[in-house]
Amino acid sequence: MIKSKNKYRVMHVVDSLGIGGMENGVVNILNIIDKNKFNLSLCCLSEPGPFSGRIMSDSISIFSMNRKGGFQPSLFFCLARLFRNEKIDIVHTHGWLTYLYGCIAAKMAGSPVFINGEHGTFHLGKLRRRVAYKIISILVDRFITVSDSLKLDLQNDMHIKENKIICIQNGVDMKRFSSGSAKDVEPIKTEYGIPVISRVIGSVGRLEPVKNYELLIRAFALLKDKFNDLYCVLAGDGSCRESLEKLCVELNISDKVYFIGNVDSVQNVIAIMDVFVLSSISEGMSNTILEAMAGGKPVVATRVGGNNELVKDGYNGYLVSSQNKGELADSIKKVLDDDAIRLSFGAASRKMVEKNHTLEVMVKAYEMVYIQCMKDKWACK
């Protein structure tokens, strides 16, 4: 018998809703999913984090386990009690830590369905972690990856059966992003202290080693003498900020590179960019590339992870190697040198997102997975 009269109770489990692409994706699911079909809640292993303030529905309960770090066996029992008390049908975890605690707790609580989402680079370097991941995978109903490359990683590295893995690519709220006219961006440039008559390249993301912003800054240094009106904007914060600022001083470009920290209005930052650049050494499915594409921007990105699923070389941008500053600089220069290419790439980016990467398309895919998993469970009863 298929459960049909009552809403399915789904609990998402994250470590925290800090600032990041995965966290943003979870918030989007919570906000947009059909509340007539699903009762949504959120559990944070540590603390809710700043992105919890973006959850718009008062009907979504938020729980915090206050995890302090290190392995915490009692957390299995605390989570199991929470799932049982909330009568959770579907536990949906996100990433390694929540996968470990959440899966065991879900089985202890008797929750019918367990789903794990992989949002970023699939890293399981330690042997004991790989063994644990593989053992726990027996209990998983579905793995959801945000890119085909991550799906292949699960298949090849962890030998997860293909029929257990579903790829659902990230989506973007199209209403927040538009290409904007020159008049629209003038006050935004003024706000950040950038000359109105200027060209801007840049990126949005955490200032962490995996984002490889040193490559972008060194590429920008190669371009500064070719384009006197060119500026670079980096939105975001992180452990690498100080070292990156020092590098800008060493390269004598500190007056042209703007570190603007974390911003709420990402769409405004993207609006002033002529070229969006992603220099990461690894990626799952980049939300910031999607946001830049939604804003009608050409993209130059490194050829890693799911980037090649979004950037079609020579169609809406260019793909480059992840360690070659000259190649990155040359590709940015190609776009800046030719307005026809820049406009064509930007239009193609917007069109791709409108067709395949809206929030509505993404959330509908998650709804279908939830419903199918529950149907499969009830069919076995």
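What you see is a predicted model; the values in this text were computed from it and never measured.

Participant: Account for the confidence of the model for the protein, naming residues and giving values.
Facilitator: Per-residue confidence for the protein averages 91 on the pLDDT scale, and 95% of its residues sit at or above 70. A low-confidence stretch, residues 1-5 (pLDDT under 50), is modelled with seven contacts involving residues beyond four sequence positions or located in other chains.

Participant: How would you summarise the state of the cysteines if you had to cite specific residues and measurements?
Facilitator: Throughout the structure, instances matching the rule amount to zero disulfides. Between Cys-167, a cysteine without a disulfide, and Cys-373, which holds the nearest cysteine sulfur, the sulfur-to-sulfur distance is 15 Å. Cys-232 carries a free sulfur, and the closest cysteine sulfur to it, the one in Cys-248, is 7.5 Å from it. Overall, Cys-232 belongs to the buried group, its relative accessible area being 0%.

Participant: Which residues make up the nonpolar core, and what values do they have?
Facilitator: Counting residues in hydrophobic clusters, the biggest one holds 38 residues, and the most contacted among them are Val-269 and Ile-289. Broken down by element, the residue count for this core peaks at five residues, all from helix H10 (residues 287-294). In this view, Ile-289 contacts Phe-276, Leu-278, Val-299, Ala-301, Asn-307, Leu-310 and Val-311; residues no more than four positions away in its chain are not counted.

Participant: An account of the environment of Thr-145 is requested, with residue identities and associated values reported.
Facilitator: Mapping Thr-145 onto the fold places it in strand S6 (residues 142-145). A relative accessible area of 0% places Thr-145 in the buried class. Note: C-alpha distance between Thr-145 and Gln-169 (24 residues apart in sequence) is 7.5 Å. Not counting chain neighbours up to four residues away, the residues in contact with Thr-145 comprise Glu-118, Leu-150, Lys-151, Leu-154, Ile-165, Ile-166, Cys-167 and Ile-168. Within the local environment of Thr-145, its side chain forms a polar contact with the backbone oxygen of Ser-147, the two atoms lying 3.0 Å apart.

Participant: How would you summarise the pairing of strand S10 (residues 257-261) if you had to cite specific residues and measurements?
Facilitator: Along S10, five of the five residues are buried, which leaves the element largely enclosed by surrounding structure. Of the two faces of S10, the one lined by Val-257, Phe-259 and Gly-261 and the one lined by Tyr-258 and Ile-260 are each fully buried. Pairing of strand S9 (residues 230-235) with S10, which is carried by four bridges, proceeds in the parallel orientation. Across the sheet, Ala-235 pairs through a bridge with Gly-261, a residue of S10. After leaving S9, the chain enters helix H8 (residues 241-250) and then returns to the sheet as S10, a path that is right-handed.

Participant: Break down the sheet that holds S9 for me, with residues and values.
Facilitator: Read across the open sheet, the six strands follow the order S10-S9-S8-S11-S12-S13; overall the sheet is parallel. Unpaired on one side and paired on the other, S10 and strand S13 (317-320) mark the two borders of the sheet. The sheet shows a mean angle of 20 degrees between the axes of neighbouring strands, taken without regard to direction. By the bridge criterion, six bridges tie strand S8 (residues 199-204) to S9 in an arrangement that is parallel. Counterpart to Gly-202 in the pairing with S9 is Val-233. Against the sheet, helix H7 (residues 213-223) engages S8, S9, S10, strand S11 (275-278) and strand S12 (299-302), with an angle of about 170 degrees to S9. Together, S8, S11 and S12 form the strand contacts of H10, whose direction differs from that of S11 by roughly 170 degrees.

Participant: Go over the pattern of salt bridges, please, and point to the residues and values.
Facilitator: Proximity of charged atoms lets side chains of opposite charge pair with each other. Applying the stated criterion to the full structure yields 17 salt bridges. Among the salt bridges present, the one from Glu-86 reaches Arg-9, with a minimum N-O distance of 3.7 Å. You can see Glu-86 sitting in the loop between helix H2 (74-85) and strand S4 (90-94) and its partner Arg-9 sitting in strand S1 (residues 8-14), a full 77 residues away along the chain. In this structure, the salt-bridge partner of Lys-377 is Asp-141, at a minimum N-O distance of 3.0 Å. Placement of Lys-377 in helix H14 (residues 359-379) and of Asp-141 in the loop between helix H4 (127-137) and S6 is noted, with a sequence separation of 236 residues between them. Via salt bridges that share partners, Asp-237, Arg-241 and Glu-245 belong to a single interconnected network.

About the cut-offs
Residues numbered from 1 in each chain as written. Predicted model: local features only at pLDDT ≥ 70, side-chain atom pairs only at ≥ 80, totals over all residues. Heavy atoms only, no water. pLDDT = per-residue confidence, 0-100. Contact = heavy atoms within 4.5 Å. Disulfide = S-S within 2.5 Å. Buried < 20%, exposed > 50% of the residue type's maximum accessible area, 1.4 Å probe, protein only. Core = buried A, V, L, I, M, F, W, Y, C linked by side-chain atoms within 4.5 Å. Helix = DSSP H or I, 4+ residues; strand = E, 2+ residues; numbered from the N terminus. Polar contact = N/O pair within 3.5 Å; in protein donor to acceptor, adjacent residues only side chain to side chain. Pairing = 2+ DSSP bridges. Right-handed = clockwise from strand over helix to strand, strands pointing away. Axes fitted to C-alpha atoms, helices over the stretch in contact; angles between N-to-C directions. Salt bridge = Lys/Arg side-chain N within 4 Å of Asp/Glu carboxyl O.

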